[in-house]
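Here are the chains, one letter per residue:
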Amino acid sequence: MTRPIPMAEIWRGALLESVHLGHAVICDGSGQVVRSWGDPGLVMYPRSSSKMIQALPLLSSGAAAKFGLNSEQLALACASHNGAAIHTHRVNDWLGQLGLGDGDLRCGPQDPDDRPEHERLIRAHESPCQVHNNCSGKHAGFLTLGRHLEAGPEYHEIDHPVQQAALAAFEEVTGEASPGYGIDGCSAPNFATSLTGLARAMAWFASARDRSDRQSQAAAQLTEAMMKHPELVAGEGRACTELMRAMGGRVAIKTGAEAVFVAILPEQRLGVALKITDGATRASECAIAAILVGLGVLDPAHPATRKRLDAPILNRRGINCGSIRATAELRF
């Protein structure tokens, strides 16, 4: 099958109102596909779901050790955070370690998704800074690697040593030559791959503890940092944070723009990648929850699960009008 399949349904009353189509792949530690839905060969942009891959050279180069980075900083290097104080304070401290500041970032300012910080900026008559950008942790990692490599300040450019290191790591773990790249919302290159390549990369992370090479050790550290600090990977109310908490530090998951989601399951040595074709986040969250339930790592009755899988749709008066459900094709 090469066409997308129905993955999430929106029901209102007794009628099916909307359907979200998508593709998904599960790979094992050897890189083989163990299950797929839709087109496993779909060429796509991972967007922010690939941040842990982009962070690999930060560790494997020795830069993280040289600058004494801790697990919180490694989690932030993989994060798409809300711009809350717990995120911005840590990124600012990290930049200070490097003798750098907000102006050295190349991700651009972003109004924080964190409501308390958003309201604080309004009350203080302040504008958002680049540290509020959801990718500022990744960019702090890029700056750290750039300092280690003694490279120039424009670390986001495709021919910069930082991005060339990221590309080399990306192609190594996906097992594919990338067919090209697009510019992400944070101005960094985002390398394309097949959905199977992305799932293979997540399975490579999941099985990293089975190998002793430097790159695999880096992958294991990044995965552990994400599982240890789910609040830094996203933020309160976000699917990544809430579902990782629900799984008790056993699985790392990461969303990406345009309805991409990945999962790293170290205990099972499995990697998951999915893409909803219309870019709807509600559908990608529903689909990843269904797959994680099917793999036995997420409790279907957990409040974080029920918020996204078979979840009620409430109107502005709190009346239950329908639900978002995973399709029968996606259930195990």
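Thresholds, definitions, all that
- Residues numbered from 1 in each chain as written.
- Predicted model: local features only at pLDDT ≥ 70, side-chain atom pairs only at ≥ 80, totals over all residues.
- Heavy atoms only, no water.
- 1 Å grid on protein atoms, 1.4 Å probe; cavity = no way out; pocket = protein on both sides within 12 Å on 5 of 7 lines; lining within 4 Å.
- Points joined across faces, edges and corners; volume = space filled by probe spheres on them.
- Helix = DSSP H or I, 4+ residues; strand = E, 2+ residues; numbered from the N terminus.
- Nonpolar A, V, L, I, M, F, W, Y, C, P; charged D, E, K, R; others polar.
- Axes fitted to C-alpha atoms, helices over the stretch in contact; angles between N-to-C directions.
- Parallel < 35°, antiparallel > 145°, perpendicular 65-115°, else oblique.
- Contact = heavy atoms within 4.5 Å.
- Pairing = 2+ DSSP bridges.
- Patch = residues over 30% accessible without salt bridge, like charges linked within 9 Å, V, L, I, M, F, W, Y side chains within 5 Å.
- Areas by Shrake-Rupley, 256 points an atom, 1.4 Å probe, with all protein chains shown as cover.
- Salt bridge = Lys/Arg side-chain N within 4 Å of Asp/Glu carboxyl O.

Participant: Lay out the layout of surface pockets in plain terms, naming residues and giving numbers.
Facilitator: Of the volumes computed, that of the largest pocket is approximately 380 Å³. Around the largest pocket sit 24 residues that line it, and Ser48, Ser80, Asn134, Arg238 and Ala257 are the ones nearest its centre. Mapped by element, the contributors of at least two residues to the lining of the largest pocket are helix 12 (239-246), strand 8 (252-256) and helix 13 (281-294). The greatest single-element share of the lining of the largest pocket, amounting to three residues, is contributed by strand 8. Every residue lining the second largest pocket is listed: Leu59, Ser60, Gly62, Ala64, Ala65, Leu69, Leu74, Arg214, Gln217, Ala218 and Gln221. Among the elements of the structure, helix 2 (56-60), helix 3 (63-66) and helix 10 (214-228) are those that each provide at least two residues to the lining of the second largest pocket. By residue number, the principal contributor to the lining of the second largest pocket is helix 10, which donates four residues.

Participant: I'd like a description of empty space enclosed by the protein, backed by residues and values.
Facilitator: A full pass over the atoms with the stated rule returns one cavity of 30 Å³ or more. Its volume calculated, the largest cavity comes out at about 50 Å³. Looking at the largest cavity, the residues that line it are Gln54, Ala55, Leu58, Ala77, Lys138, Gly141, Phe142, Leu145 and Val162. A breakdown of the residues in the lining of the largest cavity according to their chemical character gives six nonpolar, two polar and one charged.

Participant: Describe the packing of helix 5 (residues 85-97) against helix 7 (residues 136-149), with residues and values.
Facilitator: At a minimum axis separation of 10 Å, helix 5 and helix 7 run at an interaxial angle of 10°. Judged by the angle between their axes, helix 5 and helix 7 are roughly parallel. Between helix 5 and helix 7, the contacting residues are Val91, Trp94 and Leu95 on the first element and Ser136, Gly137, Ala140, Gly141, Leu143 and Thr144 on the second. Counted by class, the contact of helix 5 with helix 7 contains five nonpolar, four polar and no charged residues.

Participant: Outline the pairing of strand 12 (residues 320-326), supporting the account with residue identities and numerical values.
Facilitator: Sheet topology note: the strand 1 (residues 5-12)/strand 12 ladder contains five bridges and is antiparallel. Directly across from Ala8, in strand 12, lies its bridge partner Ala326. With four bridges joining them, strand 11 (residues 311-314) and strand 12 adopt antiparallel strand pairing. Its bridge partner being in strand 12, Ile313 is matched across the sheet by Gly322. As consecutive antiparallel partners, strand 11 and strand 12 are separated by five residues, and within that stretch Gly318 has a phi angle of approximately 80°, a positive value.

Participant: So what's going on with a nonpolar patch on the surface? Residues and values would help.
Facilitator: There is a patch of nonpolar side chains on the surface, built from Leu16, Val19 and Leu21 and spanning about 210 Å² of accessible area. Structurally, Leu16 is set in strand 2 (residues 15-28).

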